[in-house]
Amino acid sequence: MESAPAARIVRGRARGTTTAAATRRLLAARTYGALALAESKRLARAHTAAVHSLSIDAAQGRYLLSAGADTSIQLYDLDACGPAGPGARQIEAVRCVPPGAGHGRFISSVAWYPVDSGMFSTSSFDGTLRIWDASTVAEACQFDLECRIYCQAMSPTGAHALVAAVSESAYIRLGDLRTGAFAQSLLAHQSGGTAVAWSPVAPYVLATGGTDGSLRLWDIRQAGSHLHDFGGSTVAHAGGVAGLLFAADGQRLVSSGARADVRVWHIDSPQSPQFDLPSDTPSEDGGGGGRTSARYGAAGRCELALTTASGGAAGADILFCPNGDTTVSVIDIANGRRLAPLDGHFATTLCAAWRPGRAELYTGGADSNILVWCAPERAAPDEDLAELQADAWSESEPEAE
Amino acid sequence: MPLPEELVAELTTAGRDTLDPQPLRALKVLCRGDRSGRALRATFAALLEALGKRHAQVRVAALQTVHELFCRSHEFRLLVTGQLPLVFRLAFGAYHARLPPPAQHAARLRRLAAECYYAWVERYSAAYQRLVYGFRYLRFVEQIDFKDAARAYRHNDPERVRRRRQIHADNKRECMRRLLVAIKADMADMYRRIVASLDALEQCFEILMPDIASMFGESNREWPRAEHAAADGAYPYEDDFEGDDDDDLDEVFAVMAANRHAINVDIDPDRVLETEETDANAAVFDAIRDHIKLCVHVYRPRVDVWLAKLGRIDCDADTDAERLLESVRGLSSRMAVAEAKCRDLGVDAFSMRHRQGGPAGNSDGGDDDNDFEDVPDMPERSQASTRRLPSAPGKRNPVFSLLGERGIVADPTYVPPSVLRDRHADRATAQYAEERAQAAKPNPVEERLRESAPVVSYGPDLMYWGQREISANTSGLEIRHRFLGSARDEPILSETARRNLQMRTVYYQEPERPVIRACRAPLRDGRLCPRRDLVRCPLHGAVVPRDEQGNPQPGYESSEPPADKGTPPATGAEPRTSSVATAEPRTSSVATAETLADLQCEDLEELVDRKFGPPARQRRAPAKPTRPRSSLASIRKPRASGADRLRQIIRRPK
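Since the structure is predicted, the reported quantities are computational estimates derived from the model, not experimental observations. (Residues numbered from 1 in each chain as written. Chains lettered and ligands numbered in written order. Predicted model: local features only at pLDDT ≥ 70, side-chain atom pairs only at ≥ 80, totals over all residues. Heavy atoms only, no water.)

Draft legend 1. Local environment of the overall build of chain A. Helix and strand counts for chain A stand at three helices and 30 strands. Each of the 401 residues in chain A was classed as buried or not, and the buried ones make up 53%. Excluding contacts between residues fewer than 6 apart, the proportion of contacts in chain A whose partners are at least 24 apart in sequence is 48%. Entry remark: accessible area of chain A is about 15,600 Å², with carbon and sulfur atoms responsible for 51%. (Helix = DSSP H or I, 4+ residues; strand = E, 2+ residues; numbered from the N terminus. Buried < 20%, exposed > 50% of the residue type's maximum accessible area, 1.4 Å probe, protein only. Contact = heavy atoms within 4.5 Å. Areas by Shrake-Rupley, 256 points an atom, 1.4 Å probe, with all protein chains shown as cover.)

What follows is the structure, encoded as structure tokens:
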């Protein structure tokens, strides 16, 4: 991807030779296309198996939750300074639910309560959805769905305390935290659902994706039927929906399929996607679809991450989508272009989380690593690093003429 | 200049355990010299390609090359870290990839990869984060064991070795510093005392014997005896120079300088000093004695210790130590001079000891160089008891170490070995003389016996033949032998031991077995008949000696025609099967079979053999004209021919 100097981009805009959209695109490519593994910090290895879910609290953007196949939940304080030493600072987990202490099986998703960082919710293949007190890391509440739960979400609007869970059953279950009981069930996807997302602006609007590839928009007040079926007569994603995300404006919906194809929908025009980005890496499976052929392992889902605007409206339009191989695609959803993929994991990438304000991306993968990505550090490395990075040709190898 | 691809191919296809240094060097030169990095990228691409070859040896060499360049170039490290998953797949067999044959080289590849990667992580992980993540992946997900690699790394990591040396040097310097401080503290007081003592000694020497230089001056008047030192009458100026004045001496020197004369001063070493201790200078001698005693017994060891310690301290590091060392050396040399002078004066450590015992200032100062007091002569021993010992005096007998001692003969328990020997010799000569006498006259009985006596080889039994007693242990001491028993009273062997010695030992010799040779008649397939028969081979007649080709040797032409000459074995391949065939003639089942199941295996094989010839393994492959340069192990399996496949199908059990 092109990476012109920022000054030239701005100069071009000042002269009027580039349009506003082109300028934004160029700057986005410059900023997000050049993300690299952070050299100054890394997360300690706490998980012993694949990391399936990451969540950074929306209130402070400081605490990172991670959970995965080893049934442990780790809580990292991203601002905590590790011991200064040569090389990268290592961030240790400050709190943790040891494996087996909470969920008995594979944790499919973990999410902060979007309004504050006092609690978080997890869903697991052991059939329970649990709410945790973040300060003591103790279980506060539990919903038993008696079937594998693939995803759960709480509304970011804070208007109600409903948690939506999609499972291998055909129903979306809505649990009310105030009462500790299920409030509603929506008959959604016959073969079960994999992804669920609340609208960030409308408190009662919910989008769900199923393993059959259908993508639906719901108003939870109308229990009988859904609002839209995205994709019209055909399914939204052949092979199943893997990830689902509302853009910050609540008007656009980003979905990714089990084959790492990404579509951007406008909620007012559900018939066809705004952008359709087929996977840039050819899939090995022959297109049979279904959960077994998905790239994302047992969960069959991935977590997408969108950049969020810190100040203005612009900026909330770069999507990070785990590709299911070792890479994470970086996609500009404003114009539907792929930037350079991020290649850092050693096994399947499964989830991504954007840290607002710091411009850092965290990704988790089946290699049990959580990687930190940020813009390349411009500061000159200290002497030790410079010495390490220096070439070390011996004198007996003279330069060729 | 060769291309990087060519160099990589040369390196990786050599098939040796270590890389060929010459192309490796060329590759390094190439990669270092290229500023644009194009050569480096091309090298990396070629190395990845080599890593992907389906041959473990090629991969090992490629990985070694990667390691060499990884340790040198930042750009190359970036390239490698960008492609770590691929490297893992090809070098570790990660991601369910399998390492290619040969198996032992695949194991080596895995080991080498672990060692290399561990070294990279240890050395470079601070600067290249991805190495850490990759290590976690390999260690925890792929479950690769890095223990051996860690051990190997700790053993020969240059950084660690350097650090270890650094620590060692620091420790050594600290140790030296402490040593130096200790020596300084030790010397502070002692040094002064030594110098004072030496000064006192020198003053005493001044008094007793003046310097050679000052000898020519005023001192020769006081010590006229010292003039003997310069006694050479050949010089005409001798009178002048005995003539009392410094001015005269200056004149002499002036004349000498003008006329280019030279003065030879010959000093008689025996007569250089004739200072004797008298009542007049006894006090001086006593002072010298006191001081030199201190010097020799107290100061000298201390100075030696200081010298040894200071010698160990690295003088380059500390100028202070150097200065100290200089002063101590000066002290040592002064001390040596003083001691030498004392020796010349006849005052030394031994005499001092004697002096200490006797009253001070006595008059026997003249014989103080007589170090040893006279010992009264030992009483003469009787001539009989002091017979010369067999071993030369002074030479120690390693077994009986007391043998050389002078006092041993006086010991009543001691019997000299020569006496022992004589005792036995007398007896032996008597016996011998008797035998001689008997042998002189012919004995008819003995003559008869001698005719029938067997001839045997000489052995211990003959050596002790007829002896009633065998002497042993001529050393004179009681010796317990573990087999022969003890000879306490008489130094002879016990009865049973003697009998055992006189017994004949006969070893059993295995009778020679006849070698049954092979028939070695030529067969149709070019081999020789391997049958081993005693007299005649049932197929080829009498067994006769044959040459390499199997033709009978001249003179051994087989008179009898082979039994099966008219009907040679049907296939000729195996004499055993053909003999069976001749013994039991039967029709081939191929001709008579009605169904496929009726076919007999042997018959089918026979047909196949007839069509394709004998199995291919018996054919000798023609030798290749040139040896291939590469020593890569061949992983190619021999390709089965059509005939082999057919045979395999036939032999398969139905």
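Draft legend 2. Looking closely at the interface of chain A and chain B. Each partner contributes residues to the interface: chain A has 37 residues there, and chain B has 34 residues. In this assembly, chain A packs against chain B so that about 3,000 Å² is buried in total across both faces, 54% of it on carbon and sulfur atoms. The largest contributions to the chain A side of the interface with chain B come from Phe346, Leu388 and Trp393 of chain A, which together make up 27% of the buried area. Arg130 of chain B is the salt-bridge partner of Asp343 of chain A, the closest N and O atoms lying 3.4 Å from each other. Linking chain A with chain B are nine residue pairs in polar contact (both at pLDDT 80 or more), by the criterion used here. (Buried area = accessible area lost by both parts, 1.4 Å probe. Salt bridge = Lys/Arg side-chain N within 4 Å of Asp/Glu carboxyl O. Polar contact = N/O pair within 3.5 Å; in protein donor to acceptor, adjacent residues only side chain to side chain.)

Draft legend 3. Fine view of a nonpolar patch on the surface. Taken together, Val456, Tyr458, Leu462, Met463 and Trp465 of chain B make up a surface patch of nonpolar side chains, about 590 Å² in accessible area. Here Met463 of chain B shows up in helix α20 (residues 460–463). (Patch = residues over 30% accessible without salt bridge, like charges linked within 9 Å, V, L, I, M, F, W, Y side chains within 5 Å.)

Draft legend 4. Fine view of the packing of helix α4 (residues 56–70) of chain B against helix α7 (residues 103–124) of chain B. Residue and element names in this part refer to chain B. It is the contact of α4 with α7, at a shortest axis distance of 9 Å, that shows an interaxial angle of 15 degrees. Compared by their axis directions, α4 and α7 come out roughly parallel. When the axes of α4 and α7 are compared, the crossing they make is left-handed. Between α4, through Ala56, Gln57, Arg59, Val60, Leu63, Gln64, Val66, His67 and Phe70, and α7, the contact on the second element is made entirely by His105, Ala106, Arg108, Leu109, Leu112, Ala113, Cys116, Ala119, Trp120 and Tyr124. (Axes fitted to C-alpha atoms, helices over the stretch in contact; angles between N-to-C directions. Parallel < 35°, antiparallel > 145°, perpendicular 65-115°, else oblique. Left-handed = near helix turned anticlockwise from the far one by under 90°.)

Draft legend 5. Geometry of the side chain of Gln74 of chain A. Structurally, the position occupied by Gln74 of chain A is in strand β5 (residues 73–77). Only 3.3 Å separates the side chain of Gln74 of chain A from the side chain of Ser72 of chain A, close enough to count as a polar contact.

Draft legend 6. How the structure looks around the pattern of salt bridges. Residues and elements named next belong to chain B. The full count for this structure, using the stated rule, is 36 salt bridges over all chains. Note that Lys28 is salt-bridged to Glu68, the shortest N-O span being 3.4 Å. Of this pair, Lys28 sits in helix α2 (residues 21–33) while Glu68 sits in helix α4; the two residues are 40 residues apart in sequence, bridging distant segments of the chain. On the basis of relative accessible area, Lys28 is assigned to the buried category, the value being 8%. You can call Glu68 partly exposed: its relative accessible area is 23%. The shortest N-O distance in the salt bridge between Arg498 and Glu495 comes to 2.6 Å. Here the residue Arg498 and the residue Glu495 both occupy positions in helix α21 (residues 495–502), the gap between them amounting to three residues, near one helical turn.

Draft legend 7. Representation of the environment of Gln152 of chain A within the structure. Residue and element names in this part refer to chain A. Along the chain, Gln152 turns up in strand β12 (residues 149–154). For Gln152, a relative accessible area of 3% gives the class buried. Taking the C-alpha atoms as reference points, Gln152 and Ser121, 31 residues apart in sequence, are found 7.9 Å from one another. When sequence neighbours within four positions are dropped, the list of residues in contact with Gln152 reads Ser109, Val110, Ala111, Ser121, Thr122, Ser123, Leu129, Val163, Ala164, Ala165 and Val196.

Draft legend 8. Molecular detail of the state of the cysteines. All names here are of chain B. Taken as a whole, this structure holds zero disulfides over all chains when the rule is applied. For the unlinked cysteine Cys204, the closest cysteine sulfur is that of Cys342, found at 8.9 Å. On the basis of relative accessible area, Cys204 is assigned to the buried category, the value being 9%. (Disulfide = S-S within 2.5 Å.)

Draft legend 9. Structural context of the sheet that holds strand β18 (residues 215–219) of chain A. Residues and elements named next belong to chain A. One open sheet holds the four strands; their spatial order is β16-β17-β18-β19, and the pairing between them is antiparallel. Across the chains shown, the open sheet's two edge strands, defined by having one partner strand only, are β16 (193–198) and β19 (228–230). Ignoring which end each strand starts from, the neighbouring axes of this sheet average 20 degrees apart. With three bridges connecting them, β18 and β19 associate as antiparallel partners. Bridge pairing in β19 places Arg216 opposite Asp229. (Pairing = 2+ DSSP bridges.)

Draft legend 10. Region of the structure containing the nonpolar core. Membership of the largest hydrophobic core comes to 83 residues, with the highest contact counts inside it found for Phe320 of chain A together with Phe76, Phe88, Phe92, Tyr117, Leu131 and Phe146 of chain B. By residue number, the principal contributor to this core is α7 of chain B, which donates twelve residues. Apart from residues no more than four positions distant in its own chain, Phe146 of chain B is found in contact with Phe92, Ala114, Tyr117, Tyr118, Phe135, Leu138 and Arg139 of chain B. Grouped together as the second largest cluster of nonpolar side chains are 32 residues, Leu179, Phe205, Val284 and Ile292 of chain B included. (Core = buried A, V, L, I, M, F, W, Y, C linked by side-chain atoms within 4.5 Å.)

Draft legend 11. Inspection of a positive patch on the surface at higher detail. All names here are of chain B. Judged by side-chain charge, Arg154, Arg160, Arg163, Arg164 and Arg165 come together as a positively charged surface patch. With respect to the helices, strands and loops of the structure, Arg164 is situated in helix α10 (residues 158–208). Residue Arg164 is classed as partly exposed on the basis of its relative accessible area, which comes to 47%. (Lys, Arg positive; Asp, Glu negative; His and termini not counted. Charge placed at Lys NZ, Arg CZ, Asp CG, Glu CD.)

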